[in-house]
Amino acid sequence: MVEVEKLNVHFGKKHIVRDVSFNVNKGEIIGMFGISGAGKTTIIRVLTCQIVQKYWSGKVNVTGLSPHKKRNHGVILSNIGYVPQLEQLNLYFDLSPLANVEIFTSTYGMGKIEAVKVAKSLFTILDIPKDTWNKRVKYMSGGEKKRLSMAIGLIHNPNVLFLDEPTTGVDASKRYEILSYLKKLNQKLQTTMFIITHDLEAALICDKAAILREGKMLSFDSPQKLINSLPSNGMIARVTIDNLNQQIISIIQQFSPIQEILRVGNEVVEIMMDDFEVNLPKLIQFIVNKGFNITAMSRDIATFRRFFQIRIKEEEQKEKDQSTLLVKNKEVENEKT
Amino acid sequence: MLWTDKFNIFIALVVPPLVIALLGVMGSISSTIPVMPINCVVVSYDSNTFINENNFTESRIDNYHGPYVNAVNKSELLNLVHFYNATTDIYGMESARELLNTKQIEIIIAIPVDFSELLTLNYPGLIDCIIDSSDPQKIQDNINAVFDSVKIFVKDNNLTPQFELRGFEEFAIPENYSPKFNNSIVMTLSFMVIGVGMVLTILVIVHEQPIARLLLTPIKRNEILLAKYITYTLVLLIQNISLVATALSFGLYIVGSVFDLFLALFVLGFAGLSLGIFISSSSKTKTEANQLFFAVFLVLVLLSGIFVPISAMPVYLQFVAYILPLSHGDPLINGIITKGKSVFGFDFYVLLLVSIILVVFSFILFKRRKYEV
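Residues numbered from 1 in each chain as written. Chains lettered and ligands numbered in written order. Predicted model: local features only at pLDDT ≥ 70, side-chain atom pairs only at ≥ 80, totals over all residues.

## Quick word on the overall build of chain B
In step 1: Counting secondary structure elements, chain B contains 13 helices and seven strands.
In step 2: Restricting to contacts in chain B with at least 6 residues of sequence separation, those with at least 24 account for 77%. (Helix = DSSP H or I, 4+ residues; strand = E, 2+ residues; numbered from the N terminus. Contact = placed C-beta atoms within 7 Å.)

Now the structure itself:
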């Protein structure tokens, strides 16, 4: 459905996206995760024909067509849907939801009757209250506007739906609701979905997750596989230690099988290590021998959030090491001269 | 913080002094405008033959129409464009009216048939003048100018100073119509139609945020802008119909065709509408659009010819004034209402051309406008 191979985006001297490649099949939900400036939105803008061809290179196909050629844009745009982050970019607040539907569907050549019929069924799936269908959008709640925005993105039954930060600005309790609506729609309509988000909880509904940093794709696989790539398939030991501080953490880190140790609370650390089952009792013994008081301990599987943190940390460390090496090399060269 | 809003700071700091400077230039022009002589034509019916009533004998009498024409020439307040001797040229008055109709002259001075006869017999003299009264402010100036010629004539020919001047107001509003309403309607219609056209469309592009989302559908940019033009043109059509209907119901006296008036208002309104869309397409924010509207409308009004006649402005300002739509509103509507002229004249075609240029530029600007979702 979407193929990207060695995508590079340059704006002047700035290299925004570097050699990004991935393939997406029909019906998959893809999460694009990364901090601000990672290049997520830029990639989506290339896929949605918003960036002029002179700024990017690489092989890109969206629903079988390349956005390279301007003549393909009309067809690509009729095959995709887009749900922007801000509702005011997507909705006419002085009109009713059904009037908004009429405006946007007219651009796809949909008849009014058909559009309203599809809209009503989507509104029902997304729990948009019936009494709001003919009132002005500005009187709807934030969550209702978000769901209306999604419905409008889906009215014309696109092959691919792009959602920009669908859970941003929404209550924590409502976030899961939105994610479950998206999953529901994906299952019902088999629409391929791209979710661009900072919200790592969105990985719960994703078939594949892409992690981006400074324009580079660090990982692209199903969240479960990514977690399994962690030491011991993502098994973690969660240990609560009295009077935990950085010094204690540094001492614990001396236990050699430990691969990762993360402070997750005032007195709580999560530890990942090789050969988890074998080394767990040895770890406990090690901590006790050092004189630290373990008040609680549990075992769990790492979340996607943990994987994300670890992956980003690894990359940052890699870059740090590379720049240190570069500095050292320069010094050596300077000494030689 | 101020530096993030450079455009609006520029508008706030530069435009007001520029407007004052423009007013100053206009003011200095108006105070130094030499009193322009009023263009006139003399049509003489004076036969300079005298028929004695008692014996019906004919005798030649002194020709006074010649010296009067000389007096008109001498007058600094009049500029004699042509002299017609209606006793030999039967179409003289018709030709004179044509000149009055096309605003090449403002007065027709008619020397009556017994002009010389009356003066020779020491009766008070009589002069008829037909004045273009479509501009009520100029009626008195015109009459004073004719009186000036009479004064010179009387003085040069040692005549008795008794003279009667009969004035006929051409293009005047008939008595059963309100002159106040009819005289004010011309300017009001021009201002309103252009002003409302601009106000209606000044924010259509810059304010409508979902356009960014619309551009992620198969619709093209040109189609979006075309839709806006069509929509607001329809609104303009309805507005013009209601304007004309209201004006007529309140006693608008119109010599020309109602359809011509409607067409004139439409082309004026469309120029305003195009200007509004042009400003909206070129502005980045609502504030910028509002400020540009204010600046542009001010210049439109100042150079419309209301404060200072366009012909009296420096050449560079005249050039600018003739490009601006409001400068053509008054002559166009006035010509139709008071003189029955056809709408298809210079002013109409200039307005049409200006509108087309604005439409083209607004399409170009909208096509280049950056939208990101």
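## Focus: the overall build of chain A
In step 1: Along its length, chain A carries 10 helices and 13 strands.
In step 2: Here the C-alpha coordinates of chain A stretch approximately 75 × 60 × 30 Å along the principal axes.
In step 3: The proportion of buried residues among the 337 residues of chain A is 36%.
In step 4: Restricting the contact set of chain A to residue pairs at least 6 apart, pairs at least 24 apart contribute 70%. (Buried ≥ 20, exposed ≤ 12 C-beta atoms within 10 Å, placed from the backbone.)

## Re the packing of helix H6 (residues 179-201) of chain B against helix H8 (residues 221-249) of chain B
Helix-helix packing is characterised by the crossing angle of the two axes and by the distance between the axes.
Residue and element names in this part refer to chain B.
In step 1: Running from amino to carboxyl end, H6 crosses H8 at an angle of 155°, the nearest separation of the two axes being 11 Å. Overall, the two elements H6 and H8 adopt an arrangement that is roughly antiparallel. Handedness of the crossing formed by H6 with H8: right-handed. From H6, Ile185, Leu189, Val196, Gly197, Leu200 and Thr201 reach across to H8, where they touch Tyr232, Val235, Leu236, Gln239, Leu243 and Ala247. (Axes fitted to C-alpha atoms, helices over the stretch in contact; angles between N-to-C directions. Parallel < 35°, antiparallel > 145°, perpendicular 65-115°, else oblique. Left-handed = near helix turned anticlockwise from the far one by under 90°.)

## Re the domain arrangement of chain B
Note on interface size: it is often stated as the accessible area lost on association of the parts.
In step 1: Structurally, chain B comprises domain 1 (38-170) and domain 2 (178-368).
In step 2: One C-alpha centre belongs to domain 1 of chain B, the other to domain 2 of chain B; they are set 43 Å apart. (Domains from an automatic or database assignment.)

## A closer look at helix H1 (residues 40-47) of chain A
Residue and element names in this part refer to chain A.
In step 1: H1 sits mainly inside the fold: seven of its eight residues count as buried.
In step 2: Listing the buried residues of H1 in full gives Lys40, Thr41, Thr42, Ile43, Arg45, Val46 and Leu47.
In step 3: Phi turns positive one or two residues past the end of H1, at Cys49, with a value near 60°.

## Observations concerning the nonpolar core
In step 1: Counting 88 residues, the largest nonpolar core has A:Leu7, A:Ile30, A:Ala151, A:Ile155, A:Phe194 and A:Ile195 as the members making the most contacts within it.
In step 2: Broken down by element, this core gets its largest block of residues, five residues, from helix H5 (residues 142-154) of chain A.
In step 3: Filtering out sequence-adjacent residues up to four positions away, A:Ile30 remains in contact with A:Val24, A:Met193, A:Phe194, A:Ile195, A:Cys206, A:Asp207, A:Lys208 and A:Ala210.
In step 4: Grouped together as the second largest cluster of nonpolar side chains are 52 residues, B:Phe191, B:Phe266, B:Ala289 and B:Val343 included. (Core = buried A, V, L, I, M, F, W, Y, C linked by C-beta atoms within 7 Å.)

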